[in-house]
Amino acid sequence: CTVIFTRLATRDLHKPISILFCNLAVSDLFTSFSGFWISMLFITNPDITIFGSEDMLAPYALYTTSILSTIYNLVSIGIERYLAVAESMRTRFRVARNHSIAVVFINWVLAFFLGCLPLMGWNCLHAERSISVLYSPFCVNYLIFIAIPNVAVAFIVPLFTYLRIIIILRKRKLRMQACGQATGTYKSAETQVARTSISIWLLALVSYAPFFAGVIFDATNQRCHIDLYPGVYIFRNCTAMLITITCLGNPVLYTLKLRTLGAKLKALRCLSANRVRTI
């Protein structure tokens, strides 16, 4: 919420990349909200989160939608950064504010469509054979359909974009060295991008790899819910906690420099105080 408020209230942050940052924060907010909804259902009626119920379709659908939106936003940010760095190299295409708004709209439409498929009928309320053990009443084939391609996109596309950014910056640095010019700026940028990329990869790996492993376990498991209790469900809860940690880590990684964020908030607070005094 702090990131969203800061991005919307500060005019100098109204840039194409800022729109993607703000939308990423909205996706993380939805993830946290849907996770809280599922937790409350577990507190009030633990059995429906284990054996499945029609009441779990809506919160699980919102949870899936928000995770998919987060993945698409991460990919969009990586592509935008690549286009921004490569702009002066090989392409005249410039990412504008309208492009970012269109990307945000497409991301949410795709995330809502894929995430709400169980609400449209692709569920296992009346099909016990293919029901998921971890996420009942979702079907195993639906989880495979959602998890495999999206996890592949979440890892392959950022890998390509951030590696290309590092390569471009290194080529520019070598070119400037050949011309006898200072390369401190490019060296600093290359180091910062490399560190950020490693952080993104580690956070994504720690967060989504266990969820993907759970889907694979679902697809290969043939035992009943009660036979797997409580160990497998503890693992499921841990994967949910890791995804929530991602929601906390994304603002730190993509807003970057907490001091800058704090300075923006301090400036907004001083501006509000001055307005109150004027009134």
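Looking at an unreviewed UniProt entry, one finds the chain named LPAR1 protein, with Falcunculus frontatus as its source organism. In its Sequence similarities (unreviewed entry) section, UniProt records this for the chain: "Belongs to the G-protein coupled receptor 1 family." Within the UniProt record for the chain, the comment given under Subcellular location (unreviewed entry) is "Cell membrane".

Enquirer: Go over the environment of proline 118, please, and point to the residues and values.
Expert: Within the secondary structure, proline 118 sits in the loop between helix H5 (97-115) and helix H6 (140-178). Between the C-alpha atom of proline 118 and that of alanine 61, which follows or precedes it by 57 residues, the distance is 7.0 Å. Apart from residues lying up to four places away in sequence, proline 118 is in contact with Leu57, Asn123, Phe138 and Tyr142.

Enquirer: Any chance you could break down helix H1 (residues 2-9) for me, citing the residues and the numbers?
Expert: Taken together, the buried positions of H1 are Val3, Ile4, Thr6 and Arg7. Down the axis of H1, the smallest arc covering the buried residues is 170°, so these residues share one side.

Enquirer: Now, about empty space enclosed by the protein: what can you tell me, with residues and values included?
Expert: Using the criterion set out here, one finds 3 cavities of 30 Å³ or more in the structure. A volume near 200 Å³ is recorded for the largest cavity. Around the largest cavity, the lining is made up of 15 residues, and of these Thr64, Ile67, Leu143, Ile146 and Phe211 lie nearest the centre. Elements that contribute at least two residues to the lining of the largest cavity include exactly helix H4 (57-86), H6 and helix H7 (184-220). Tallying contributions element by element places H4 first for the lining of the largest cavity, with 6 residues.

Enquirer: For the side chain of serine 136, give the residues involved together with the corresponding values.
Expert: Note on placement: serine 136 falls in the loop between H5 and H6. At 2.4 Å, the side chain of serine 136 forms a polar contact with the backbone oxygen of serine 132.

Enquirer: Please set out the state of the cysteines residue by residue, giving values where relevant.
Expert: Throughout the structure, instances matching the rule amount to 1 disulfide. The residue that forms a disulfide with cysteine 124 is cysteine 139, at a sulfur-sulfur distance of 2.0 Å. Judged by the sign of its S-S torsion, about 125°, the cystine formed by cysteine 124 and cysteine 139 is right-handed. Here cysteine 124, found in the loop between H5 and H6, pairs with cysteine 139, found in the loop between H5 and H6; they are 15 residues apart in sequence, far enough to count as distant. Note on accessibility: cysteine 124 and cysteine 139 belong to one class, buried.

Enquirer: Help me get a handle on the packing of aromatic side chains, residues and values and all.
Expert: Under the counting rule described, the total for this entry stands at 9 aromatic pairs. Between tyrosine 60 and tyrosine 135, the ring centres sit 5.8 Å apart and the planes meet at 75°, which makes this aromatic pair edge-to-face. Residue tyrosine 60 is located in helix H4, and its partner tyrosine 135 is located in the loop between H5 and H6; the two are separated by 75 residues in the primary sequence. Residue tyrosine 135 is classed as buried on the basis of its relative accessible area, which comes to 9%. With centroids separated by 5.3 Å and ring planes inclined at 70°, the aromatic side chains of tryptophan 122 and tyrosine 142 adopt a geometry described as edge-to-face. Of this pair, tryptophan 122 sits in the loop between H5 and H6 while tyrosine 142 is found in helix H6, placing the two residues 20 residues apart along the sequence. Here the aromatic cluster, defined as three or more aromatic residues joined through ring pairs, consists of Tyr60, Trp122, Tyr135, Phe138, Tyr142, Phe145 and Phe211.

Conventions used here
Residues numbered from 1 in each chain as written. Predicted model: local features only at pLDDT ≥ 70, side-chain atom pairs only at ≥ 80, totals over all residues. Heavy atoms only, no water. UniProt positions renumbered as here; feature names shortened; annotations may be inferred. Helix = DSSP H or I, 4+ residues; strand = E, 2+ residues; numbered from the N terminus. Contact = heavy atoms within 4.5 Å. Buried < 20%, exposed > 50% of the residue type's maximum accessible area, 1.4 Å probe, protein only. Arc of directions from axis to C-beta. 1 Å grid on protein atoms, 1.4 Å probe; cavity = no way out; pocket = protein on both sides within 12 Å on 5 of 7 lines; lining within 4 Å. Points joined across faces, edges and corners; volume = space filled by probe spheres on them. Polar contact = N/O pair within 3.5 Å; in protein donor to acceptor, adjacent residues only side chain to side chain. Disulfide = S-S within 2.5 Å. Phe/Tyr/Trp six-rings, centres within 6.5 Å; stacked < 30°, edge-to-face > 60°.

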